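Listed here are the chains, written in short residue letters.
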Amino acid sequence: MACKSVLFVTLGFLLSFCSTAKVNKHFFPQNFKIGVANAAAQIEGAWNEDGKGETIWDRFAMSRPERIFDHSSPQVAADSYHKWREDVEMVKEMGVDHYRLSIAWARIYPDGYKTEEPNAKGVAYYKNLLRSLRALGIEPMVTLYHWDLPQKLQDDFGGWLSPKIVDIFADYARTCFELFGDEVKWWITINEPKQICEAGYGTGVFAPGIVSPGVGNYKCAKNVLLAHAKAYHIYDKEFRKKNQGKVAIVIDSNWSEPASAKPEDQEASERALQFTYGLYGNPVFNGDWPAVVKERVAQRSKQAGLKESRLPALTKEEIKLIKGTHDFLCINHYTSHMVSAWYEAPVTDTSLTADIGVNDWMPKEWPRGGEGWFSVWAPGMRKLLNWLKNTYNNPEIVITENGLSDNTGTLEDDHRINYYRDYLSNCLDAIYIDNVNLTGYTAWSILDDWEWSTGYHSLIGMYKVDFNDLTGLGFLGSLLHTSPKSPRTAAWQKILENVYIKQK
Ligand code: BGC
């Protein structure tokens with residue numbers, strides 16, 4: 001039977017370091033799609049070449065290097081703008097079905113605004129990349145916005161804080177559908193609104209660094225949803241018939257494991273999920289903000305003496321515009337936390353954390369990943385998939401990111417092999433035992449990249465990139481445009497090879 005199989009049993013060497021692991025005997029269905037991913041700002045480099053405009057991440061990192069762990073910037077990254085052919089080779093070598101990449105808005109429209117002609121060199125770059133992938137039978141999955149807002153849009157009107165962004169994004173989306181529609185069947189409008197809004201306009205730890213907890217993040221959320229919805233409708237009306245593609249938004253979520261069976265802890269888990277995935281998922285799949293989010297923010301705002309809720313209302317028309325704008329459901333998932341009921345934080349604390357109002361921690365017995373910022377607990381993957389199935393009426397689900405970083409860059413990366421093995425095993429259980437309609441899985445990342453506020457310190461690639469000459473020089477290195485790698489070492493493809501095999 002033609003199938004892709006999870007090979008825990010047959011690979012002796014794999015068993016040698018995971019002999020206690022549960023063996024999963026299921027096979028991924030024949031039409032299940034497995035892919036790898038990355039995003040423009042994290043790998044392309046060439047930050048100001050061939051007409052590309054400045055982005056909020058260029059400015060954020062370069063104007064105040066101390067905001068990035070290793071004081072680096074995305075100026076060079078993995079130099080994929082010049083070495084994209086190598087990337088395509090790597091993707092091919094991995095034997096995967098799809099490659100998730102993103103388009104840098106500022107390469108198409110340097111200032112973000114639609115102009116008569118998009119930037120020809122930027123367009124050519126993506127056309128070449130997309131055509132090469134397709135020629136090799138690799139399906140591109142293309143994200144229109146993976147956090148790299150053209151700086152001008154931030155300077156002119158505050159970026160995602162202003163409703164002006166909605167039509168400007170829609171124009172850009174239409175241009176991409178027009179330019180690349182023949183090559184792309186899987187479109188992602190926006191990646192991880194929670195990070196864009198909460199980290200970018202709430203806590204300010206991500207670009208553009210706006211600190212406006214409990215206000216900016218919610219304004220941003222509304223504008224992101226409207227921008228996504230407009231782009232979805234444009235595709236639906238103007239391109240779907242001709243190009244026959246699918247469109248979705250990618251939302252990220254941890255799993256929140258209730259600390260006990262007590263109703264208050266169960267509620268805490270549900271509340272945490274509704275404030276993270278639900279804040280974006282509910283308007284798209286069910287219509288309007290989740291009830292618990294609406295109620296809590298309204299109540300806390302009122303108690304603080306505000307006339308209106310900090311969470312901007314969605315009008316009937318807006319609800320209608322956003323609801324149903326999905327052809328499948330996307331989830332980025334890396335980690336789980338334990339949650340329990342908590343005391344009510346003072347209403348003067350407007351942070352998202354206070355609005356959620358749960359106690360949230362990483363249990364000692366769950367191994368740490370991602371340099372300690374997340375805990376590895378694979379059952380969370382299966383539980384989250386089930387929660388998505390039940391909360392959103394059994395949609396088709398695609399995992400658009402999952403992976404484990406460290407800061408050693410070791411090629412003896414059994415911990416990563418184990419991570420993928422266990423997370424994929426839970427995906428299989430979700431499919432076969434729980435009947436979750438999971439049709440695809442995407443590992444993050446194809447190669448080491450520039451990991452936003454952790455710079456080159458977090459290593460998460462299936463292929464190692466030699467950044468030594470760059471990180472050695474720190475910020476100076478990036479100013480000098482030092483080439484960060486020589487050579488790229490194939491190392492990681494064995495993970496997926498070992499975890500599943502396509503039997504043709
Ligand atoms: C983002 C990626 C990032 C990954 C690992 C996700 O939240 O979408 O851009 O590299 O996490 O940190």
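Within each chain, residue numbers correspond to sequence positions counted from 1 in written order. For this predicted model, a pLDDT threshold of at least 70 governs which residues receive local features, and a threshold of 80 or more governs which side-chain atom pairs are given and counted, while totals over whole chains, interfaces and linings are taken from all residues. With hydrogens and water stripped out, all remaining heavy atoms of the structure feed into the side-chain values.

A. Layout of the sheet that holds strand β6 (residues 186-191). Any two strands are treated as partners once DSSP identifies two or more bridges connecting them. Each helix is a run of DSSP H or I of at least 4 residues and each strand a run of E of at least 2, with the numbering of both proceeding from the N terminus. Taken together, the 8 strands give a closed barrel; going around it, the order is β3-β4-β5-β6-β7-β9-β14-β15, and neighbouring strands pair in parallel fashion. Taken pair by pair, the neighbouring strands of this sheet meet at an average axis angle of 25°, ignoring direction. Of the strand pairs in this sheet, strand β3 (residues 33-37) and strand β4 (residues 98-102) are connected by 3 bridges, and their pairing is parallel. For Ala37, the partnering residue across the bridge sits in β4 and is Arg100. Here, residues are in contact when the closest pair of their heavy atoms is within 4.5 Å. Only the stretch in contact is used when a helix axis is fitted, and all axes are lines through C-alpha atoms; the angle between N-to-C directions ranges over 0 to 180 degrees. Across the sheet, helix α11 (residues 263-286) is in contact with β7 (246-252) and β9 (329-332); its angle to β7 comes to roughly 155°.

B. Fine view of the pattern of salt bridges. The rule for a salt bridge is simple: a side-chain nitrogen of Lys or Arg has to be within 4 Å of a carboxyl oxygen of Asp or Glu. Under the definition given, this model contains 30 salt bridges. With its nearest N and O atoms 4.0 Å apart, the salt bridge here joins Asp252 to Lys194. One end of the pair, Asp252, is in strand β7; the other, Lys194, is in helix α9 (residues 193-201), and 58 residues separate them in sequence. Under the scheme applied here, a residue whose accessible area is under 20% of the maximum for its type counts as buried, over 50% as exposed, and between as partly exposed, the area being computed with a 1.4 Å probe on protein chains only. For Lys194, a relative accessible area of 15% puts it in the buried group. Residues Lys222 and Glu318 are paired through a salt bridge, measuring 3.0 Å at the closest nitrogen-oxygen approach. One end of the pair, Lys222, is in helix α10 (residues 216-243); the other, Glu318, is in helix α13 (residues 316-322), with 96 residues separating them in the sequence. Relative accessible area serves as the criterion here: at 14%, Lys222 is assigned to the buried category. The class of Glu318 is buried, set by a relative accessible area of 17%. Residues joined in a network through salt bridges with shared partners are Arg296, Arg300, Arg310, Glu344 and Asp355.

C. Expanded view of the site of the ligand. Throughout, the term near means that a residue has one or more heavy atoms lying within 4 Å of the molecule or strand in question. Gln42, His146, Trp147, Asn191, Glu192, Tyr334, Glu401, Trp444, Glu451 and Trp452 make up every residue found near the ligand. One of the side-chain nitrogen or oxygen atoms of Gln42 is found 2.7 Å away from an oxygen atom of the ligand. Only the protein chains shown count as cover for residues, with accessible areas throughout obtained via the Shrake-Rupley method and a probe of 1.4 Å. Starting from 310 Å² of accessible surface for the ligand in isolation, the protein chains cover 90%. Nonpolar residues are Ala, Val, Leu, Ile, Met, Phe, Trp, Tyr, Cys and Pro. Charged residues are Asp, Glu, Lys and Arg, and all others, Gly as well, are polar. Partitioning the shell around the ligand into residue classes produces 4 nonpolar, 3 polar and 3 charged. In protein, a polar contact requires one atom able to donate a hydrogen and another able to accept it; more generally it is a pair of N or O atoms within 3.5 Å, and residues adjacent in sequence count only if both atoms are side-chain atoms.

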